[in-house]
Amino acid sequence: MNSKEFSLIVEQIKKEKTGISYMDAILHYCEEHKIEPDTVGKLISKPLKEKISVEAQSLNLIRKTGALPL
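Residues numbered from 1 in each chain as written. Predicted model: local features only at pLDDT ≥ 70, side-chain atom pairs only at ≥ 80, totals over all residues. Heavy atoms only, no water.

Visitor: Any details on the side chain of Glu55? Residues and values, ideally.
Guide: Tracing the backbone shows Glu55 in helix α3 (residues 46-58). For Glu55, the side chain forms a polar contact with the main-chain nitrogen of Tyr22, separated by 2.9 Å. In contact with Glu55, other than residues within four places in its own chain, are Lys14, Ser21, Tyr22 and Met23. (Helix = DSSP H or I, 4+ residues; strand = E, 2+ residues; numbered from the N terminus. Polar contact = N/O pair within 3.5 Å; in protein donor to acceptor, adjacent residues only side chain to side chain. Contact = heavy atoms within 4.5 Å.)

Visitor: Give a description of the packing of aromatic side chains that names residues and reports values.
Guide: All told, the structure shown has one aromatic pair when counted by the stated rule. Seen from their ring centres, Phe6 and Tyr29 are 5.4 Å apart, and the 80 degrees between their planes marks the pair as edge-to-face. Pair noted here: Phe6 is in helix α1 (residues 3-16) and Tyr29 is in helix α2 (residues 22-32), with a separation of 23 residues, a long-range link. By the burial criterion, Phe6 is buried, and Tyr29 matches it. Sitting over the face of the ring of Tyr22, Lys14 holds its NZ or CZ atom 4.9 Å from the ring centroid. (Phe/Tyr/Trp six-rings, centres within 6.5 Å; stacked < 30°, edge-to-face > 60°. Buried < 20%, exposed > 50% of the residue type's maximum accessible area, 1.4 Å probe, protein only. Lys NZ or Arg CZ within 6 Å of the ring centre and 35° of its normal.)

Visitor: Describe the pattern of salt bridges, with residues and values.
Guide: Within the structure shown, the criterion is met by two salt bridges. One salt bridge in this structure joins Glu55 and Lys14, with 3.6 Å as the shortest N-O distance. Separated by 41 residues along the polypeptide, Glu55 in helix α3 and Lys14 in helix α1 bring together distant segments of the chain. (Salt bridge = Lys/Arg side-chain N within 4 Å of Asp/Glu carboxyl O.)

Visitor: Can you tell me about the environment of Ala56, naming the residues and giving the values?
Guide: Within the secondary structure, Ala56 sits in helix α3. Discounting residues that sit within four places of it in the chain, Ala56 has contacts with Leu61 and Ile62.

Visitor: Summarise unusual backbone geometry; cite the residues concerned and give the values.
Guide: Of all residues except glycine, most have a negative phi; of all peptide bonds, most are trans. Of note, the phi angle at Lys34 is positive, near 50 degrees, even though the residue is not glycine. Relative to the assigned elements, Lys34 resides in the loop between α2 and α3. On the basis of relative accessibility, which here comes to 75%, the residue Lys34 falls in the exposed class. With a phi close to 60 degrees, Asn60 is a non-glycine residue in the positive phi region. Along the chain, Asn60 falls in the segment after α3.

So this is what it looks like as structure tokens:
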């Protein structure tokens, strides 16, 4: 499996199970296939990482970055 296929699977899980986050979708996939979450790290594509980051920022789990005060 490559990162594009994995991203499509995660997107499909998120679409089917409304109201869950991308991280929850990834964890759901790991539980379903009985694999450790740390093994799928290399399969997470850059666009998926960005979506996870945006969700984490909106939940105040990580700091927002890059904006200069105007």
